[in-house]
Amino acid sequence: MTEKHLGDQLSTKEAREKTISEAVRLVNAEIEAVRKRLEDISQTEEASPILVEGETSAGYFAQIMASPSEVAKIMLKYDYHFWNILEQDAPDNMWLDIAEMVGLESVSSVDISLKPKHQNEDQLHEHKN
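Here is a short report on the structure shown in this document. (Residues numbered from 1 in each chain as written. Predicted model: local features only at pLDDT ≥ 70, side-chain atom pairs only at ≥ 80, totals over all residues. Heavy atoms only, no water.)

**What to know about the pattern of salt bridges**
Quick note on the threshold: The salt bridge criterion pairs a side-chain nitrogen of Lys or Arg with a carboxyl oxygen of Asp or Glu, the two atoms within 4 Å. Numbering goes from the N terminus for both helices and strands, where a helix is a DSSP run of H or I of at least four residues and a strand is a run of E of at least two. Type-normalised accessible area, obtained with a 1.4 Å probe on protein chains alone, sets the label of each residue: buried when under 20%, exposed when over 50%, and partly exposed for intermediate values.
Under the definition given, this model contains seven salt bridges. Across the salt bridge formed by Glu39 and Arg35, the nearest N and O atoms sit 2.4 Å from each other. Of this pair, Glu39 and Arg35 both sit in helix H1 (residues 12–42), separated by four residues, roughly a single helical turn. The partly exposed category is assigned to Glu39, whose relative accessible area is 28%. On the basis of relative accessible area, Arg35 is assigned to the partly exposed category, the value being 21%. Glu45 is paired through a salt bridge with Lys73; the nearest N and O atoms lie 3.9 Å apart. One end of the pair, Glu45, is in the loop between H1 and strand E1 (50–55); the other, Lys73, is in helix H2 (residues 68–77), with 28 residues separating them in the sequence. Put simply, Glu32, Arg35 and Glu39 are held in one network by salt bridges that share partners.

Below you can see the structure in the form of structure tokens.
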């Protein structure tokens, strides 16, 4: 059985702190990448419209085409990049602002791609949970 020498290995506490530090760095990098993507979308005026799904004030399901730059601006306003990466529900007010922008009572999803352009052009559904 090998002995544990103080100078030979990181202590359990140091190893845990190093692991946590690396995890935080990775999460922050992902948050920044999504924020950057939303900023890029918000500054692109001539992009193809995206699908917004929701409900009318009469209770009917509706699908509306919307400007991705306008939707991205609202998402940035509510720090959606944090909620998305941390896999948490985005603030209800964000969804209400998007609904108001497109003339719906409520919004349940927006079809906006948050992956960098050079990676994957597939659309990613962002749902209200």
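**What about a nonpolar patch on the surface?**
Under the convention used in this document: Patch construction takes residues with relative accessible area above 30% that form no salt bridge. Like charges are linked within 9 Å, and nonpolar side chains (Val, Leu, Ile, Met, Phe, Trp, Tyr) are linked within 5 Å. All accessibility values rest on the Shrake-Rupley procedure with a 1.4 Å probe; residue burial counts only the protein chains present in the view.
The grouping of Val27, Phe82, Trp83 and Leu86 at the surface amounts to a nonpolar patch, some 320 Å² of accessible area in total. Note on placement: Leu86 falls in the loop between helix H3 (80–85) and helix H4 (92–102). Since its relative accessible area comes to 45%, Leu86 is described here as partly exposed.

**Considerations on unusual backbone geometry**
One non-glycine residue, Asp79, lies in the positive phi region at around 55°. With respect to the helices and strands, Asp79 occurs in the loop between H2 and H3.

**Focus: the pairing of strand E2 (residues 61–66)**
Note on strand geometry: in a regular strand, side chains alternate between the two faces of the sheet. We count it as follows: By definition, two strands form a pair when at least two bridges between them are found by DSSP.
In this structure, E1 lies alongside E2, joined through six bridges in antiparallel fashion. Among the inter-strand pairings, Gly54 is bridged to a residue of E2, identified as Ala62. Between E1 and E2, which pair antiparallel one after the other, the connecting turn spans five residues, and Gly59 there sits at a positive phi close to 90°.

**Section: the nonpolar core**
Using the following cut-off: Grouping buried Ala, Val, Leu, Ile, Met, Phe, Trp, Tyr and Cys residues that are joined through side-chain atoms within 4.5 Å yields what is termed a nonpolar core.
Counting 25 residues, the largest nonpolar core has Val71, Met75, Met94, Ile98, Val107, Val110 and Ile112 as its most contacted members. Going through the elements one at a time, H1, E1, E2, H2, H4 and strand E3 (106–111) are the ones with two or more residues in this core.

**Describing the packing of H2 against H4**
Under the convention used in this document: Convention adopted: a line fitted to C-alpha atoms gives each axis, helices being fitted over their contacting stretch, and angles between N-to-C directions are expressed from 0 to 180 degrees. Note on angle classes: values under 35 degrees are labelled roughly parallel, values over 145 roughly antiparallel, values of 65 to 115 roughly perpendicular, and the remainder oblique. By definition, turning the near helix anticlockwise from the far helix through less than a right angle yields a left-handed crossing, and turning it clockwise yields a right-handed one. Here, two residues are considered to be in contact whenever any of their heavy atoms come within 4.5 Å of each other.
Viewed as axis vectors pointing N to C, H2 and H4 meet at an angle of 155°, and their least axial separation amounts to 9 Å. The angle between H2 and H4 places the two elements in the roughly antiparallel class. In this structure, H2 crosses over H4, and the sense of that crossing is right-handed. Seen from H2, the contacting residues are Glu70, Val71, Ile74, Met75 and Lys77; seen from H4, they are Met94, Asp97, Ile98 and Met101.

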